[in-house]
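Inside the fold
Listed here are the chains, written in short residue letters.
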Amino acid sequence: MSWRDSGGVRGSRATDLQTEEPGQAMKPVPPAKVAGLFVCHVRSERIERHFRRLVDQTGHMIDWHFMFNPGNRAEPQVDFAYRPPDSCMPARYREMAAHGGVQRGYLDVAIIPCVLSLDADFVWVIEYDVDYSGDWAQLFDQFSRNASDLLTTTIQPLAASRNWYYWQSAAMPASVSPDLVHRAFHPIMRLSRHFARTYGLIMSVAGWRGHYEFTLPTVALAGGFTVEDIGGQGPLCPPARRGTNYENTPQDECLRPGTLIWRPSCPRYFAEDPSGFSRSNMIHHPVKPDVADWDMPA
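1. Looking at the layout of surface pockets
The gaps of empty space that remain are located by a probe, the size of a water molecule, rolled over the atoms. Reported here for the largest pocket is a volume of approximately 990 Å³. For the lining of the largest pocket, the elements supplying multiple residues, two or more each, are strand S3 (34-40), strand S8 (182-192) and helix H7 (212-222). Taken together, the residues of the lining of the largest pocket break down into 19 nonpolar, eleven polar and eleven charged.

So, in structure tokens, the structure goes:
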């Protein structure tokens, strides 16, 4: 394994899925294969209708799979075979078991083995309590020719988010520059297969520990992978997307005010009650139909 300690891309531009040779015109490459995981820990008819709306509107561009992970262990139930998390990411799995399970910042232990088992170049991961106040295809079409290794939200450097609760449990090898240390918010994100494979390996390197909202962006940047914000106002959002797709307040504990926040939750999906969504064509979170909120960290 070749591990790159530096060279992470900060504030990178959107990358087009084309190649260029000196003195020649841009040549198209085959379209990327894109899959998706719809992640939930509870099931209901309302949640399944929400999933069907997502598939109906974007199934022509993304191969979606329903990922059900009940309880607090990394035991995803999906419609394809995958390598068990305890053998795919053994060190990270042990850390998850010792620190409260997937709900305490280790959902990556359930996600990464599934991502690596899909025949796809890129995999979207979206939690059941994420909604979009418009046609889902309009959101995902923006990224159909974007080759970033990690697309996620609310990406903030350590220097701008020192009050983030989970820094107290974060650790990394001494070789990682503090300038590359970031945290993000992952209710919706997209990973390249290349990055997911490397991330799974790196999580077995001594010195990495903490919430996956820290480990994913920091490993990506420290490894020289391309990282971009899906929207918002953060430093890694390309100018063309700045102020689009979602709003929130990264300096607030609950990310309020905004459309993509941590708490409080909305009780109805957009398809059930569009009047409850103040802005069109924006990502909204959390939307929890008949599902209790998790408690704030103690």
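2. Things to note about the packing of helix H6 (residues 193-202) against H7
At a closest axis distance of 10 Å, the pairing of H6 and H7 adopts a crossing angle of 115°. In this view, H6 runs roughly perpendicular relative to H7, as classed from their interaxial angle. Helix-helix and strand crossings are classified by hand; for H6 and H7 the assignment is right-handed. Note on element contacts: H7 touches H6 through Tyr212, Thr215, Leu216, Val219 and Ala220, opposite Phe195, Tyr199 and Ile202. Among the residues forming the contact of H6 with H7, the class breakdown is seven nonpolar, one polar and no charged.

3. Some thoughts on the pairing of strand S5 (residues 122-127)
Taking burial as the measure, the six residues of S5 include six buried ones, the bulk of the element. Burial of the side chains of S5 extends over both faces: Phe122, Trp124 and Ile126 are buried on one face and Val123, Val125 and Glu127 on the other. Bridge count for S3 against S5 is six bridges, and the pairing is parallel. Bridging across to S5, Ala35 finds its partner in Val123. Bridge analysis of S5 against S8 gives five bridges, and the strand direction is antiparallel.

4. Here's the deal with the packing of aromatic side chains
Scanning all chains against the criterion turns up 16 aromatic pairs. Pairing Tyr165 with Tyr166 gives two aromatic rings, centres 4.9 Å apart and planes at 85°, and the pair type is edge-to-face. For Tyr165, a relative accessible area of 32% translates into the label partly exposed. The rings of Trp64, Trp124, Tyr132, Trp136, Phe140 and Phe143 are connected pair by pair, giving a single aromatic cluster. The positively charged end of Arg43 is found above the aromatic ring belonging to Phe68, 5.5 Å away from the centroid. Lying across the ring of Phe122, Arg190 places its NZ or CZ 4.1 Å from the centre.

5. Considerations on the nonpolar core
One broad rule of soluble globular proteins: the nonpolar side chains tend to lie buried together. Leu37, Val125, Phe195 and Tyr199 are the most contacted members of the largest nonpolar core, which has 52 residues in total. Taken together, the elements giving at least two residues each to this core come down to S3, helix H3 (90-98), helix H4 (108-117), S5, strand S7 (150-157), S8, H6 and H7. Of the residues forming this core, the biggest block, seven residues, is contributed by H7. The residues contacting Tyr199, other than those within four sequence positions of it, are Met89, Arg92, Asp108, Ile112, Tyr212, Thr215, Leu216 and Val219. Counting residues in hydrophobic clusters, the runner-up holds 32 residues, among them Trp136, Ile230, Leu255 and Phe277.

Parameters and conventions
- Residues numbered from 1 in each chain as written.
- Predicted model: local features only at pLDDT ≥ 70, side-chain atom pairs only at ≥ 80, totals over all residues.
- Heavy atoms only, no water.
- 1 Å grid on protein atoms, 1.4 Å probe; cavity = no way out; pocket = protein on both sides within 12 Å on 5 of 7 lines; lining within 4 Å.
- Points joined across faces, edges and corners; volume = space filled by probe spheres on them.
- Helix = DSSP H or I, 4+ residues; strand = E, 2+ residues; numbered from the N terminus.
- Nonpolar A, V, L, I, M, F, W, Y, C, P; charged D, E, K, R; others polar.
- Axes fitted to C-alpha atoms, helices over the stretch in contact; angles between N-to-C directions.
- Parallel < 35°, antiparallel > 145°, perpendicular 65-115°, else oblique.
- Left-handed = near helix turned anticlockwise from the far one by under 90°.
- Contact = heavy atoms within 4.5 Å.
- Buried < 20%, exposed > 50% of the residue type's maximum accessible area, 1.4 Å probe, protein only.
- Pairing = 2+ DSSP bridges.
- Phe/Tyr/Trp six-rings, centres within 6.5 Å; stacked < 30°, edge-to-face > 60°.
- Lys NZ or Arg CZ within 6 Å of the ring centre and 35° of its normal.
- Core = buried A, V, L, I, M, F, W, Y, C linked by side-chain atoms within 4.5 Å.

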